[in-house]
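# Inside the fold
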Amino acid sequence: MAGRTVLERLTWRLARVVATRAETPRFVSLDLEVPGWPGHLPGQHLDVRLTAEDGYQAQRSYSIASAPAGERVAITVERLDDGEVSPYLAGDLRAGDLLELRGPIGGYFVWEPSLGGPLLLVAGGSGVVPLLAMARHRAATGSQVPTRLLYSSRSAADALARDELDRLARTDGSGFAVTHTFTREQPPGWTGYRRRIDPAMLEEVGWPPAARPLAYVCGPTRMVEAVATTLVELGHDPVRVRTERFGPTGG
Ligand SMILES: Cc1cc2nc3c(=O)[nH]c(=O)nc-3n(C[C@H](O)[C@H](O)[C@H](O)COP(=O)(O)OP(=O)(O)OC[C@H]3O[C@@H](n4cnc5c(N)ncnc54)[C@H](O)[C@@H]3O)c2cc1C
């Protein structure tokens, strides 16, 4: 049974693009229908494979942005202008197109309500995507796990799902808080953070180590390593700090 499940996850499938959505000038979400999709946990990712006419193939990983919902999954792709795969996914795909993918992948960087909390979610750029899946699943299941999201973007226009996150924080009533830091450009009248995530910010926004939060940190490699190191230096249990690195360069 377990063997069959692993095989299912490694099998390439043809997904159909149901809809595309421009989230910000650089981020596009793709809603996908995946026949035979075995289901996923928030935090997991999938692999996408593109094949050129001459047979050349390129493969990239994308976190699943949506809460578990049958054979539907959404991914959110940041268009990197000099990138090989992301400009195609975020620019050329249209509803009705087919896309080869496999998954879900990953069993460590996942959260479900039974794991409890409190939760500290720390994101840089597109690293917010798997954390969005966790926040969406938390809301969909009515979980009361106290959750704080610290999200670093270049500007307000670059922040994914800003309205949705603010709404969750306003109406949830069950302890969801979001804090933004805009590192390059701030909206008029902005009084919040305007610098990269640092130890003081993590202390101010995060939970005290005595609360034993479960931390999920995702984003460019250098940011993830700096945040995880800081959390441990602040006294958090390394076992409760989970990380996912998106990019080789540090973004
Ligand atoms: C587990 C996992 C989950 C991921 N989830 C997502 C996701 O949800 N959304 C998303 O947009 N991306 C995600 N990524 C990153 C994604 O896999 C690709 O690396 C990214 O889309 C760039 O691919 P590309 O072919 O366009 O660029 P490439 O041709 O691979 O690279 C082009 C240039 O961009 C730089 N670069 C590569 N990756 C990044 C990056 N992540 N950030 C900044 N610069 C980079 C390279 O150094 C190079 O200079 C994830 C990566 C991993 C490992």
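Residues numbered from 1 in each chain as written. Predicted model: local features only at pLDDT ≥ 70, side-chain atom pairs only at ≥ 80, totals over all residues. Heavy atoms only, no water.

### As for the overall build of the chain
- Helices and strands together make up the secondary structure of the chain, namely six helices and eleven strands.
- Here the chain has a C-alpha radius of gyration of 18 Å; the compact-globule value for 251 residues is 18 Å, and the two agree.
- Over its C-alpha atoms, taken along the principal directions, the chain stretches across nearly 50 × 45 × 35 Å.
- The 251 residues of the chain split such that 48% are buried.
- Counting every atom, the chain has about 11,900 Å² of accessible surface; 51% of that belongs to carbon and sulfur.
- Mean positive and mean negative side-chain charge positions of the chain (28 and 29 charges, respectively) differ by 3 Å. (Helix = DSSP H or I, 4+ residues; strand = E, 2+ residues; numbered from the N terminus. Rg over C-alpha atoms; globule rule 2.2 N^0.38 Å. Buried < 20%, exposed > 50% of the residue type's maximum accessible area, 1.4 Å probe, protein only. Areas by Shrake-Rupley, 256 points an atom, 1.4 Å probe, with all protein chains shown as cover. Lys, Arg positive; Asp, Glu negative; His and termini not counted. Charge placed at Lys NZ, Arg CZ, Asp CG, Glu CD.)

### Some points on the packing of aromatic side chains
- Going through the model one piece at a time under the given rule, you end up with two aromatic pairs.
- Considering the side-chain rings of phenylalanine 109 and tyrosine 216, the 5.4 Å spacing of their centres and the 85° angle between planes classify their relative orientation as edge-to-face. Placement of the pair is phenylalanine 109 in the loop between strand S6 (98-105) and strand S7 (119-124) and tyrosine 216 in strand S10 (residues 214-219), with a sequence separation of 107 residues.
- On the basis of relative accessible area, phenylalanine 109 is assigned to the buried category, the value being 4%.
- A relative accessible area of 0% places tyrosine 216 in the buried class.
- An angle of 55° between the planes, with centres 4.6 Å apart, marks the rings of phenylalanine 182 and tryptophan 190 as tilted.
- Arginine 49 extends its terminal NZ or CZ atom over the ring of tryptophan 12, reaching a point 4.2 Å from the ring centre.
- In this arrangement the basic side chain of arginine 148 is found over the ring face of tryptophan 207, its NZ or CZ atom lying 3.5 Å from the centre. (Phe/Tyr/Trp six-rings, centres within 6.5 Å; stacked < 30°, edge-to-face > 60°. Lys NZ or Arg CZ within 6 Å of the ring centre and 35° of its normal.)

### A short note on the nonpolar core
- Leu131, Leu149, Tyr151 and Tyr216 are the most contacted members of the largest nonpolar core, which has 28 residues in total.
- Elements that contribute at least two residues to this core include exactly S7, helix H3 (128-140), strand S8 (147-153), helix H4 (162-171), strand S9 (176-182) and S10.
- Sort the elements by how many residues they give to this core and H3 lands first, with six residues.
- The residues touching leucine 149, leaving out its near neighbours within four places in the chain, are Leu121, Leu131, Leu165, Phe176, Ala177, Val178 and Thr179.
- Core analysis: the second largest hydrophobic core is formed by 22 residues, Val28, Leu32, Val34 and Leu46 among them. (Core = buried A, V, L, I, M, F, W, Y, C linked by side-chain atoms within 4.5 Å. Contact = heavy atoms within 4.5 Å.)

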